[in-house]
Amino acid sequence: MQTPMPIVEIAGTGRFLPDNVVTNDDLAKRMDTSDEWIQTRTGIRERRIAPPELWAAQMGTEAARKAMEKAGVEPGEVDILIVSTATPDRWLPSTACDMQSLIGCDNALAFDLMAACTGHLYALTMAEGYIAAGRGEVALVVAAEKMSAIMDWDDRSTAVLFGDGAGAAVVRKADGSGRGILSSHHRSDGKLAELLYRPGGGAVEPLSQTVLDEGRHLLKMEGREIFKNAVRSMAEACDLALQKAGLTASDIDLLVPHQANIRIIEATAKYAGIPMDKVYVNVDRYGNMSSATVPIAFDEAIEQGRLGPGSTAMTVAFGAGLTWGAMTIRL
Ligand code: COA
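An account of the accompanying structure is given in this report. (Residues numbered from 1 in each chain as written. Predicted model: local features only at pLDDT ≥ 70, side-chain atom pairs only at ≥ 80, totals over all residues. Heavy atoms only, no water.)

1. Observations concerning the packing of helix α3 (residues 56-71) against helix α4 (residues 95-103)
Running from amino to carboxyl end, α3 crosses α4 at an angle of 55°, the nearest separation of the two axes being 9 Å. With respect to α4, the element α3 is oriented oblique. The two elements α3 and α4 meet at a crossing, and its hand is right-handed. Within the contact between the two elements, α3 uses Ala 56, Ala 57, Gln 58, Gly 60, Thr 61, Ala 64, Arg 65 and Met 68 and α4 uses Thr 95, Asp 98, Met 99, Leu 102 and Ile 103. (Axes fitted to C-alpha atoms, helices over the stretch in contact; angles between N-to-C directions. Helix = DSSP H or I, 4+ residues; strand = E, 2+ residues; numbered from the N terminus. Parallel < 35°, antiparallel > 145°, perpendicular 65-115°, else oblique. Left-handed = near helix turned anticlockwise from the far one by under 90°. Contact = heavy atoms within 4.5 Å.)

See the structure below:
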C-alpha cells in the first residue's frame, strides 16, 4: 500500500507543566507507599501538581500560546479550538470556551472533547476531518489536565500514578510536501466503562453529601484489568495505523506513547517491534497526565531533536472509556 498524502500537518507544538514537583518520597510521607514500590511497578519518580488556583484552561492557554508562536499563527486565524480534558474546570461552559477567551481566538468555534487519555489523538483526527471538509484551515488542539483535582488522595493504588500538565498542537492544511498525519486508527469499548471511572457527581448520581463522604466523585480504577487491556489495544492500534500508512515498524523514527506506566510502554513497544531507544519516555518525570501526556512528550521530543523535519513518528494512547488509538505522522 502506498503512503497516503496527508490532509493536515502539525505546524507547531507547545507544553506547560506546573512548577510544583511531588516526588515518590513526598507521597510516602502521606500514604502507605514507597519510592521503591512506585518506581518498580510504574517507572514514575515524580509528578507535577498544580496549585488550587491554577485552572486547566490556564495551563492549556500557556501550552497553546507556545504552539501558536512556533506555528506563526495569530489567535484570530484559529478556525476551531478543540480541548481534550477529563478534568473540566467547570461543568458549564466547556473548558474550551474559557480557553478561547484567554487566548482571544474570537473567530473560532470551541468545544471540549472527552476521550480520557486518548483525547489528544481523537482531537487531532476531529481537527483533520474539519479541515478536510473545507470548514477551516487552522485548528488549535489542546490537552489540559488537572488530574490532582479528581484523585482520591487516600487511595494509594491510583494517587501515585497521575500528574497535571497541558500540551498543544496547531494543525494546519498540509502543503502537499507529504508532511502531516499519514494514518490513524481509533476505537472505544463502552462495555468496559467501569474499569476506570468516576461513579458520582454527574447527572446519574448528582453531588450530595453521601457522594462526597464516600468519595464517589473521585477516580476509581481496576489497575490489573486496565493494564492488560492497555497493552492489547495499543499493540493492535499500532499494527493498524502502520498498515493504513503503508509503513512497517522499521520506518518509525520515534514512538511517542501515552505515558501511564513504563511496563505498559515497554510491552507495547516490544509488540510493535520498536526498540526502546526509539521510544520517547518521560513517565518518570511527570506520571500519567491523561490526554496531555502525548502532546507534552511530542513537544519535548521535537525540542530535543529526536523528531525533526522529515522524521516519521507513531503515537499511541489508551484510556478510560475504554478508548484507544494510534497515528502515524511525518514531520
Ligand atoms: N504502594 C504500595 N503498595 C501498593 C500501592 C502503592 N502505591 N498500590 C497498590 N499496592 C499494593 C496492592 O494493595 C497489592 O497488595 P496486596 O498484594 O497485599 O493486595 C500489591 O501492591 C500489588 O498490587 P497489584 O494491583 O497487583 O499491582 P500491579 O503490579 O498490578 O501494579 C498498577 C498496580 C496500578 C501500577 C498497575 O496495575 C497498572 O499500572 N495498571 C494500569 C493503570 C493505568 O495505567 N491506568 C491509567 C490508564 S490510562
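2. Section: the sheet that holds strand β6 (residues 138-146)
The sheet built from five strands is open, its strands ordered β1-β7-β6-β4-β5 with mixed pairing. This sheet does not close on itself; its edge strands, each paired only once, are β1 (8-16) and β5 (109-113). The sheet shows a mean angle of 20° between the axes of neighbouring strands, taken without regard to direction. The pairing of strand β4 (residues 80-84) with β5 spans five bridges and is parallel. Residue Ile 80 lies in a different strand from β5, and its bridge partner there is Leu 109. On top of the sheet, α3 reaches β1, β6 and β7 (164-173); it is set at about 130° to β1, its chief contact. Packing of helix α5 (residues 119-132) onto the sheet brings it into contact with β1, β4, β5, β6 and β7, and relative to β6 it is tilted by some 165°. (Pairing = 2+ DSSP bridges.)

3. Here's the deal with the sheet that holds strand β12 (residues 312-319)
The strand order across the open sheet built from four strands is β8-β13-β12-β11, with neighbouring strands paired in mixed fashion. Strand pairing shows two members of the sheet lacking a second neighbour, β8 (180-188) and β11 (254-257), which therefore form its edges. The average undirected angle you get between the axes of adjacent strands in this sheet is 10°. Here β8 runs beside strand β13 (residues 323-330); their pairing, made up of eight bridges, is antiparallel. Within β13, the residue paired with Ile 181 across the bridge is Ile 329. Where α5 meets the sheet, its contacts fall on β8, β12 and β13, and the angle it forms with β8 comes to roughly 120°.

4. Quick look at the pairing of β12
The buried count for β12 comes to eight of eight residues, which makes it a mostly enclosed element. Covered by surrounding structure in β12 are Thr 312, Met 314, Val 316 and Phe 318 together with Ala 313, Thr 315, Ala 317 and Gly 319, the residues of both alternating faces. Here four bridges tie β11 to β12, and the two strands are oriented parallel to one another. In the sheet register, Leu 254 faces β12, and the bridge partner there is Ala 313. Both β12 and β13 contribute to a ladder of eight bridges, which runs antiparallel. Among the inter-strand pairings, Thr 315 is bridged to a residue of β13, identified as Met 327. (Buried < 20%, exposed > 50% of the residue type's maximum accessible area, 1.4 Å probe, protein only.)

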